[in-house]
Amino acid sequence: MTDLYEDPKAAADEAAKKLAQLTGVDQHDVAIVLGSGWGHAADLFGRTVAEFPATELPGFPPPSALGHAGTIRSVDADGIRVLVFLGRSHLYEGRGVEPVVHPVRTAAAAGCRTIVLTNGCGGLDPTWKPGTPVLIADHLNLFGVTPLRGATFIDMTDLYSARLRSIAREVDPTLAEGVYAQFLGPQYETPAEIGMVRAVGGTLVGMSTVQEAIAAREAGMEILGVSLVTNLAAGMTGQPLSHAEVLEAGKAAAEHMGGLLAGILRHMA
Ligand code: 8IG
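On a predicted model such as this, the values are computed, not experimentally measured, just so you know.

**Q** Could you give an account of the side chain of His-28, with specific residues and numbers?
**A** By secondary structure assignment, the location of His-28 is in the loop between helix H1 (8-23) and strand E1 (30-34). By relative accessible area, which is 1% here, His-28 ends up buried. Among the polar contacts made by the side chain of His-28, one reaches the side chain of Ser-74 at a distance of 2.8 Å. Setting aside residues no more than four positions away along its own chain, His-28 makes contact with Leu-19, Thr-23, Ser-74, Arg-81, Val-82, Leu-83, Ala-110, Gly-111 and Cys-112.

What follows is the structure in structure tokens.
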């Protein structure tokens, strides 16, 4: 696995070349990474030009036992060429950070200057009912896992673009903002861990997105982060967290999420 990504930029260029062949599209404009199970959301973006399993591209490994098969879709959204990743690799799959960020680097190599990172997550604000989308304003890389190598000192201020957040609020003025704290997972948090997150200023908890955002910043992309709160964080309801209920809430809100993202795409134009 490590050999495959010995030169991450070269690996991404290879994948972008194959992407252009498979889609017939030389350059994409915007990439969107969707949580698994949100296929319906992507249907609202525009006309699907091509769709294929992510494993068709070099550097996209088959799903691990803990993962989900990924699909890649090229969409024409009124002339904006959108590259949609349905499903992603997670750190908890145990294959390291390279497969997690390879899609982001591939998108950059394919010409994307903008990336929309989405996820399902837990919320610490009790007013965020399951199904509430929240804009990511900043993140906490709690475990320090990074896709950068060596002395790559890059700026992390305004990582999640204020400009793109305000475009999102043109579509939905009620959108709240949060600070995304990343855990490795796959277990959910203990109530004490949620207490820690609250103490350090986090309001969203999840298991993805952070390394992708760092890789996107390194590649010079403008980043929008949108979290879908599917559950109140551990210890807040008096009930245990159920993965089935979390999935159900995600599915129920996929359509709403898709409409929001489609609106944001139109406003970016
Ligand atoms: I969906 O409550 C979803 N993903 N870490 N905690 C963490 N990840 C999540 C949660 C949650 N809900």
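**Q** Quick one: what's the story with the pairing of E1, residue by residue and with numbers?
**A** With respect to burial, E1 is a largely interior element, five of its five residues being buried. Bridge count between E1 and strand E4 (residues 80-86): five bridges; the pairing is parallel. Bridge assignment links Leu-34 to a residue of E4, and that residue is Leu-86. The pairing of E1 with strand E5 (residues 114-123) spans four bridges and is classified as parallel. From the neighbouring strand, Val-30 faces E5, where its bridge partner is Thr-114.

**Q** Tell me about helix H6 (residues 210-218), residues and numbers included.
**A** Burial analysis of H6 places seven of its nine residues in the buried class, which makes it a mostly covered element. Within the sequence span of H6, burial applies to Val-210, Gln-211, Glu-212, Ala-213, Ile-214, Ala-215 and Ala-216. Of the surrounding elements, those touching the buried residues of H6 are E1, helix H3 (98-109), E5, strand E6 (132-140), strand E7 (176-182) and strand E9 (222-232). After H6 finishes, the residue Gly-220 shows a positive phi value of roughly 85°.

**Q** Account for the site of the ligand, with residues named and values stated.
**A** Every residue near the ligand is listed here: Gly-120, Cys-121, Gly-122, Tyr-188, Glu-189, Val-205, Gly-206, Met-207, Thr-230, Asn-231, Leu-241 and Val-246. With respect to the ligand, the side chain of Glu-189 contributes an N or O atom lying 2.5 Å from a nitrogen atom. Between the ligand and Asn-231 there is a distance of 2.8 Å, counted from a nitrogen atom to a side-chain nitrogen or oxygen. Within the complex, 91% of the 330 Å² of free accessible area of the ligand lies under protein. Those elements that place two or more of their residues in the shell around the ligand are E5, strand E8 (204-206) and E9. Within the shell around the ligand, the residues separate by chemical class into six nonpolar, five polar and one charged.

**Q** Just give me the short version of the packing of H1 against H3, but keep the residues and values in it.
**A** The geometry of H1 relative to H3 is characterised by a closest axis approach of 8 Å and an angle of 60° between their N-to-C directions. Between H1 and H3, the crossing angle belongs to the class labelled oblique. As for how H1 packs across H3, the hand of that crossing is right-handed. Facing H1, whose interface residues are Pro-8, Ala-11, Ala-12, Asp-13, Ala-15 and Ala-16, H3 presents Glu-98, His-102, Arg-105, Thr-106 and Ala-109.

The rules behind these values
Residues numbered from 1 in each chain as written. Predicted model: local features only at pLDDT ≥ 70, side-chain atom pairs only at ≥ 80, totals over all residues. Heavy atoms only, no water. Helix = DSSP H or I, 4+ residues; strand = E, 2+ residues; numbered from the N terminus. Buried < 20%, exposed > 50% of the residue type's maximum accessible area, 1.4 Å probe, protein only. Polar contact = N/O pair within 3.5 Å; in protein donor to acceptor, adjacent residues only side chain to side chain. Contact = heavy atoms within 4.5 Å. Pairing = 2+ DSSP bridges. Near = heavy atom within 4 Å. Areas by Shrake-Rupley, 256 points an atom, 1.4 Å probe, with all protein chains shown as cover. Nonpolar A, V, L, I, M, F, W, Y, C, P; charged D, E, K, R; others polar. Axes fitted to C-alpha atoms, helices over the stretch in contact; angles between N-to-C directions. Parallel < 35°, antiparallel > 145°, perpendicular 65-115°, else oblique. Left-handed = near helix turned anticlockwise from the far one by under 90°.

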